[in-house]
Amino acid sequence: MIEIKNVSKTYSKGRIKAVKNIFLNVEKGEIFGFLGPNGAGKTTTIKMIAGILKPDEGQIKVNGIDVVKDPIKAKMQIGYVPDNPEIFNRLTGIEYLNFIADVYEVEDEKRYKKINELAEMFGIKDALNSSIGSFSHGMKQKLIIIGSLIHDPPIWILDEPLVGLDPKSAFILKEIIKKHAKEGNTVFFSTHIMEIAEKLCDRIGIIKKGEIIFTGSIEELRSLRKENESLENLFLELVENE
């Protein structure tokens, strides 16, 4: 599970408060969607959970482990898909995946089974011996997704994971997300598309200007609608007028 308590983050020597005293709990087996407009604080929050950024205030725990006090142990719990697939262009795909597997101490038999299964699903198995520098944006995205799952992480964090994926791969990823949560793992992903959150998530959180303005189920969000109003219009209304 993920526990976020009174967390804040500032940039530009405190002049810009990107995240303001947020509280969130995400349970095991739950798919949690994190929504908000560009610049709302989604990526900053995700990078703090993943241990890439350090919060200025507050505490973040993953499966009971403090990400600041015990960062290596916390990161071993996490699979992370960033919002931009910038990876080692000089490596081949298989070299990158073996490197990630080494970092997470995944034994050979398990890693090869996972790599073959996921590479086959995403249609990049034949490209794994090629240089990552020759990959398209979508292929890099698929490679990072495979790497993030290679150790079967109990906490899977994805930042706008569907951007750059073709429709078939997007469908496959959504099915993997559902399966991963069904197996008792926590999935936390950001998106700005309400339709995706509506179809996938058990609960959602909406962030605006660094502050959480809604947390709850899709049904709870629906209860806030005016008659015949779409969820997308309600979301836009919340982030524009809250």
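What counts as what
- Residues numbered from 1 in each chain as written.
- Predicted model: local features only at pLDDT ≥ 70, side-chain atom pairs only at ≥ 80, totals over all residues.
- Heavy atoms only, no water.
- Helix = DSSP H or I, 4+ residues; strand = E, 2+ residues; numbered from the N terminus.
- Rg over C-alpha atoms; globule rule 2.2 N^0.38 Å.
- Buried < 20%, exposed > 50% of the residue type's maximum accessible area, 1.4 Å probe, protein only.
- Contact = heavy atoms within 4.5 Å.
- Areas by Shrake-Rupley, 256 points an atom, 1.4 Å probe, with all protein chains shown as cover.
- Pairing = 2+ DSSP bridges.
- Axes fitted to C-alpha atoms, helices over the stretch in contact; angles between N-to-C directions.
- Parallel < 35°, antiparallel > 145°, perpendicular 65-115°, else oblique.
- Left-handed = near helix turned anticlockwise from the far one by under 90°.
- UniProt positions renumbered as here; feature names shortened; annotations may be inferred.
- Phe/Tyr/Trp six-rings, centres within 6.5 Å; stacked < 30°, edge-to-face > 60°.
- Polar contact = N/O pair within 3.5 Å; in protein donor to acceptor, adjacent residues only side chain to side chain.

Under an unreviewed UniProt entry, the name given to the chain is ABC-2 type transport system ATP-binding protein, and the organism recorded is Caloramator fervidus.

Asks: Mind laying out the overall build of the chain, listing which residues take part and the relevant values?
Replies: When helices and strands are counted, the chain shows 9 helices and 10 strands. In summary, the chain has a C-alpha radius of gyration of 18 Å against a globular reference of 18 Å for 242 residues, a match within 12%. Overall, the chain is about 50 × 45 × 35 Å in size when its C-alpha atoms are taken along their principal axes. A buried classification covers 49% of the 242 residues belonging to the chain. Across the chain, contacts joining residues at least 24 apart in sequence account for 67% of those joining residues at least 6 apart. Accessible surface, the chain as shown: approximately 12000 Å² in total, 48% of it carbon and sulfur.

Asks: I'd like to hear about the sheet that holds strand S2 (residues 16-26), residue by residue, with values.
Replies: Spatially, the 4 strands line up as an open sheet ordered S2-S1-S4-S5, and their pairing is antiparallel. If you trace the sheet from one side to the other, it starts and ends with S2 and strand S5 (65-66), each paired once. Across 5 bridges, the pairing between strand S1 (residues 2-11) and strand S4 (residues 57-62) is antiparallel. Across the sheet, Glu3 pairs through a bridge with Lys61, a residue of S4. Packing against the sheet, helix H1 (residues 42-49) makes contact with S1, S2 and S4, and its axis sits at approximately 120° to S1.

Asks: Provide a residue-level description of the packing of helix H3 (residues 93-103) against helix H5 (residues 137-149), including the pertinent values.
Replies: Contact pair H3 / H5: the axes reach a minimum separation of 9 Å and the direction vectors enclose 25°. As summarised for this structure, H3 and H5 are arranged roughly parallel, according to the angle between their axes. Where H3 crosses over H5, the handedness of that crossing is right-handed. Across from Gly93, Tyr96, Leu97 and Ile100 in H3, the residues of H5 making contact are Leu143, Ile144, Ile146 and Gly147.

Asks: Give a description of the UniProt feature "domain: ABC transporter" (unreviewed entry) in the chain that names residues and reports values.
Replies: The UniProt record annotates "domain: ABC transporter" (unreviewed entry) at residues 2-234. Summarising residues 2-234: 36% helix, 26% strand, and an end-to-end C-alpha distance of 27 Å.

Asks: An account of the packing of aromatic side chains is needed here, citing residue identities and associated values.
Replies: For the structure shown, the criterion picks out 4 aromatic pairs. Centre to centre, the rings of Phe32 and Phe188 are 5.4 Å apart; their planes meet at 20°, and the pair counts as stacked. Here Phe32, found in strand S3 (residues 31-35), pairs with Phe188, found in strand S8 (residues 186-191); they are 156 residues apart in sequence, far enough to count as distant. Centre to centre, the rings of Phe34 and Phe188 are 5.3 Å apart; their planes meet at 50°, and the pair counts as tilted. Pair noted here: Phe34 is in strand S3 and Phe188 is in strand S8, with a separation of 154 residues, a long-range link. The exposure classification of Phe34 matches that of Phe188, with both residues buried. Taken together, Phe32, Phe34 and Phe188 form an aromatic cluster joined through their ring pairs.

Asks: Summarise the environment of Asn89; cite the residues concerned and give the values.
Replies: Mapping Asn89 onto the fold places it in the loop between strand S6 (78-81) and H3. With relative accessibility at 35%, the residue Asn89 sits in the partly exposed group. On a C-alpha basis, the gap between Asn89 and Phe135 in space is 8.6 Å, while along the polypeptide they are 46 residues apart. In terms of polar contacts, Asn89 uses its side chain to reach the side chain of Lys140, at 3.3 Å.

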